Amino acid sequence: MEKLSDNIKKIILAGIGAVAVTAEKSKDLLDEMVEKGELTVEQGKVLNEELKHNIREKMNIKPEGEKSSEPDLSELLDQMTPEQITVLKEQIQKKEAAAREKSGESEEA
């Protein structure tokens, strides 16, 4: 039973990591489009806010300052063993590397 809860935690944390990477990549993409003149700065800000809102809505994440009945990330991390945190870090690094590789492939095409 303990392994099941550990695996659920890992899945949740991996999902949170993926959301964080997605948010960063979308911001980078919007910034790049603004630089190229495809979007105005104001349009980029509006799109970025819409993306953040949509991600929060889909992941059921409350905006900063608003309390949630679910444990937050720091509470989950406090409950994890150092080994579990190490595994999480490795998973996040793999996701980031895959995202970088994918963005590198799309730039070359």
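Keep in mind that what you see is a predicted model, and the values were worked out from it rather than measured.

Undergrad: I'd like a description of the overall build of the chain, backed by residues and values.
TA: A tally of regular secondary structure across the chain gives 4 helices and 0 strands. When the elements of the chain are put in sequence order from the N terminus, they spell out α-α-α-α. Counting the 109 residues in the chain, one finds 13% classified as buried. Considering only contacts within the chain whose residues lie at least 6 apart along the sequence, 52% involve residues at least 24 apart. On the chain, roughly 8,800 Å² of surface is accessible, and the fraction owed to carbon and sulfur atoms is 55%.

Undergrad: For the environment of K25, give the residues involved together with the corresponding values.
TA: Mapped onto the elements, K25 comes out in helix α1 (residues 2-36). A residue is classified by how much of its surface remains accessible, and K25, at 34% relative accessible area, is partly exposed. Along the backbone, K25 and S103 are 78 residues apart, and their C-alpha atoms lie at a distance of 9.1 Å. Not counting residues up to four positions away in its chain, the partners in contact with K25 are A99 and R100.

Undergrad: Any details on α1? Residues and values, ideally.
TA: The end-to-end C-alpha separation of α1 is 51 Å, in line with the 51 Å expected for 35 residues at 1.5 Å each. Every buried residue of α1 is accounted for by D6, L13, G17, V19, V21, S26 and L30. Of the residues one or two after α1, G37 is the one with positive phi, at around 85 degrees.

Undergrad: Tell me about the environment of T86, and please be specific about residues and values.
TA: Examined against the element boundaries, T86 turns out to sit in helix α4 (residues 82-108). Reaching out from T86, the side chain makes a polar contact with the backbone oxygen of P82 at a distance of 2.9 Å.

Undergrad: Give me the side chain of S26: which residues, what numbers.
TA: Mapping S26 onto the fold places it in helix α1. Look at S26 and you get buried, because its relative accessible area is 14%. Those residues in contact with S26 that sit more than four places away from it in its chain are N48 and L51.

Thresholds applied
Residues numbered from 1 in each chain as written. Predicted model: local features only at pLDDT ≥ 70, side-chain atom pairs only at ≥ 80, totals over all residues. Heavy atoms only, no water. Helix = DSSP H or I, 4+ residues; strand = E, 2+ residues; numbered from the N terminus. Buried < 20%, exposed > 50% of the residue type's maximum accessible area, 1.4 Å probe, protein only. Contact = heavy atoms within 4.5 Å. Areas by Shrake-Rupley, 256 points an atom, 1.4 Å probe, with all protein chains shown as cover. Expected span 1.5 Å × (residues − 1). Polar contact = N/O pair within 3.5 Å; in protein donor to acceptor, adjacent residues only side chain to side chain.

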